[in-house]
Amino acid sequence: MASIEWQERLFTLADGTEIFGLHCRHAANAGTDKPTLVLLHEALGHIGMWKGFPQQLAEAAGLDLLVYERRGYGRSSPITLPRPDDYLEEEGRDWLEPVLDAAGLKKVILVGHSDGGSIALIGAACLPKRVVAIITEAAHIRIDSLTTAGIVEAVELYKTTELPERLARYHGERTDLLFRAWSETWLRDRFQPLDLSDYLNQISCPALIIQGADDQYGEVAQVEDIVSGIGEKADALFLPDCGHVPHLQAPAATLKVMQRFIGSLDL
């Protein structure tokens with residue numbers, strides 16, 4: 001197998017924001033114009049929470065890969081509360097491009113999970129010349145009944161179980177702030193009209209829209225409406241016996257469908 005090298009990166013954006021990431025490069029791709037896979041994490045995400053999936057995907061696809069932590073997460077710059085109601089749109093519309101610029105990435109395939117999936121949709125709409133394809137897992141374009149019920153249950157678990165301690169393994173002293181940034185924002189009354197559907201018809205690249213058949217945070221209609229909104233270049237895939245995190249709960253199946261999708265692209 002051709003050699004793969006991982007490098008820690010700390011990008012400083014124009015406003016001083018620091019973004020931490022890990023950049024995987026294949027020696028065989030040096031000097032080519034192949035796109036880079038860019039992984040976008042969930043609302044409570046961290047590079048470490050992807051486990052071994054970035055390595056597996058980089059190897060299976062034969063492409064370079066960047067996985068990074070958005071503002072507020074991991075070793076990236078902190079955030080303050082309350083989050084703005086349009087924070088998902090900000091991440092895809094305003095913050096994604098500066099990160100790609102800082103990383104020197106001209107062409108990318110966005111792979112986003114949950115919040116990261118929603119951000120990937122927005123990024124594809126706003127950067128059509130740069131984003132050549134997207135893959136989403138459990139993306140949301142609105143808040144549905146399962147979303148609210150799942151977050152309410154998570155809040156109760158945070159109060160009554162060892163969930164804070166488990167999250168603190170990744171987030172340390174930021175754990176409470178990040179959990180509140182997620183739960184309080186998504187349960188906020190004025191956040192309930194969230195609607196990202198207007199971005200969908202602006203997406204012109206191929207899209208694979210994945211969701212676990214047993215996802216506790218999103219209805220089947222989320223996927224159906226995303227695919228309908230994008231049009232003929234989008235395909236839906238529901239993974240059986242899988243919940244909200246396909247790359248961890250059904251890793252072999254998820255890797256296989258992503259590899260097949262990437263292999264079908266004209267890169």
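As a reminder, the structure under discussion sits directly above these lines.
These numbers were taken from a predicted model, which means no experiment stands behind them.

Caption draft 1: Molecular detail of the pattern of salt bridges. Scanning the entire structure with this criterion turns up 10 salt bridges. Linking Arg71 and Glu91 is a salt bridge whose minimum nitrogen-to-oxygen distance equals 2.8 Å. One end of the pair, Arg71, is in the loop between β4 (65-68) and α2 (87-103); the other, Glu91, is in helix α2, and 20 residues separate them in sequence. Connected through salt bridges with shared partners, the residues Asp85, Arg188 and Arg190 form a single ionic network.

Caption draft 2: Seen up close, the side chain of Asp144. Here Asp144 shows up in the loop between β6 (131-137) and α4 (145-160). Among buried Asp, Glu, Lys and Arg side chains, Asp144 stands out as unpaired, with Arg142 the closest opposite charge at 5.5 Å. If sequence neighbours within four positions are ignored, Asp144 has contacts with Tyr217, Gly218, Glu219 and Gln222.

Caption draft 3: Representation of the packing of aromatic side chains. Within this structure, the stated rule accounts for five aromatic pairs. Aromatic pair Tyr158 and Phe179: ring centres 3.9 Å apart, planes at 10 degrees, arrangement stacked. Of the two residues, Tyr158 is situated in helix α4 and Phe179 in helix α6 (residues 175-187); the sequence distance between them amounts to 21 residues. Taking the relative accessible area as the measure of exposure, Phe179 reaches 4% and is therefore buried. Measuring from ring centre to ring centre gives 5.5 Å for Phe179 and Trp182, while their planes differ by 75 degrees; the resulting arrangement is edge-to-face. Here Trp182 and Phe179 lie together in helix α6, a separation of three residues that amounts to about one turn. On the basis of relative accessibility, which here comes to 9%, the residue Trp182 falls in the buried class. Site record: aromatic cluster; members linked through ring pairs are Tyr158, Phe179, Trp182 and Tyr217. Sitting above the plane of the Trp95 ring, Arg71 keeps its charged end 3.9 Å from the centroid. Over the ring of Tyr87 we find Arg83; its NZ or CZ atom is 4.2 Å from the centre of that ring.

Caption draft 4: Representation of the sheet that holds strand β3 (residues 36-40) within the structure. The eight strands lie next to each other as β1-β2-β4-β3-β5-β6-β7-β8, forming an open sheet whose pairing is mixed. Both edges of this open sheet fall to β1 (4-12) and β8 (234-239), since each of them pairs with a single strand only. Sheet twist, expressed as the mean angle between neighbouring strand axes with direction ignored, is 20 degrees. One ladder, built from six bridges, connects strand β7 (residues 207-212) with β8; its direction is parallel. By the bridge assignment for β8, Ile209 is matched with Ala236. Sheet strands touched by helix α9 (residues 251-263): β3, β5 (108-113), β6, β7 and β8. Its angle to β6, the strand with the most contacts, is close to 160 degrees.

Caption draft 5: How the structure looks around helix α3 (residues 115-126). Compared with an ideal rise of 1.5 Å per residue, which puts 12 residues at 16 Å, α3 spans 17 Å between its outermost C-alpha atoms and is within 8% of the ideal. Burial analysis of α3 places 11 of its 12 residues in the buried class, which makes it a mostly covered element. Here α3 has its buried residues at Asp115, Gly116, Gly117, Ser118, Ile119, Ala120, Leu121, Ile122, Gly123, Ala124 and Ala125.

Caption draft 6: Representation of the packing of α2 against α3. At a minimum axis distance of 8 Å, the contact between α2 and α3 shows a crossing angle of 50 degrees. On the basis of the axis angle, α2 is oblique to α3. Once α2 is placed against α3, the crossing between them reads as right-handed. Across the interface between the two elements, Tyr87, Leu88, Glu89, Glu91, Gly92, Arg93 and Leu96 of α2 pack against Asp115, Ser118, Ile119, Ile122, Gly123 and Cys126 of α3.

Caption draft 7: Quick look at the environment of Pro82. One can find Pro82 in the loop between β4 and α2. Classification of Pro82 as exposed rests on a relative accessible area of 60%.

Caption draft 8: Highlighting unusual backbone geometry. Look at the link from Leu81 to Pro82: it is a cis peptide, with omega at 0 degrees. Of note, Lys51 is a non-glycine position whose phi angle comes to about 55 degrees, a positive value. Note on placement: Lys51 falls in the loop between β3 and α1 (53-61). Within the chain, Asp241 stands out as a residue other than glycine whose phi angle is a positive 55 degrees. Mapping Asp241 onto the fold places it in the loop between β8 and α8 (246-249).

Conventions and cut-offs
Residues numbered from 1 in each chain as written. Predicted model: local features only at pLDDT ≥ 70, side-chain atom pairs only at ≥ 80, totals over all residues. Heavy atoms only, no water. Salt bridge = Lys/Arg side-chain N within 4 Å of Asp/Glu carboxyl O. Helix = DSSP H or I, 4+ residues; strand = E, 2+ residues; numbered from the N terminus. Buried < 20%, exposed > 50% of the residue type's maximum accessible area, 1.4 Å probe, protein only. Lys, Arg positive; Asp, Glu negative; His and termini not counted. Contact = heavy atoms within 4.5 Å. Phe/Tyr/Trp six-rings, centres within 6.5 Å; stacked < 30°, edge-to-face > 60°. Lys NZ or Arg CZ within 6 Å of the ring centre and 35° of its normal. Pairing = 2+ DSSP bridges. Axes fitted to C-alpha atoms, helices over the stretch in contact; angles between N-to-C directions. Expected span 1.5 Å × (residues − 1). Parallel < 35°, antiparallel > 145°, perpendicular 65-115°, else oblique. Left-handed = near helix turned anticlockwise from the far one by under 90°.

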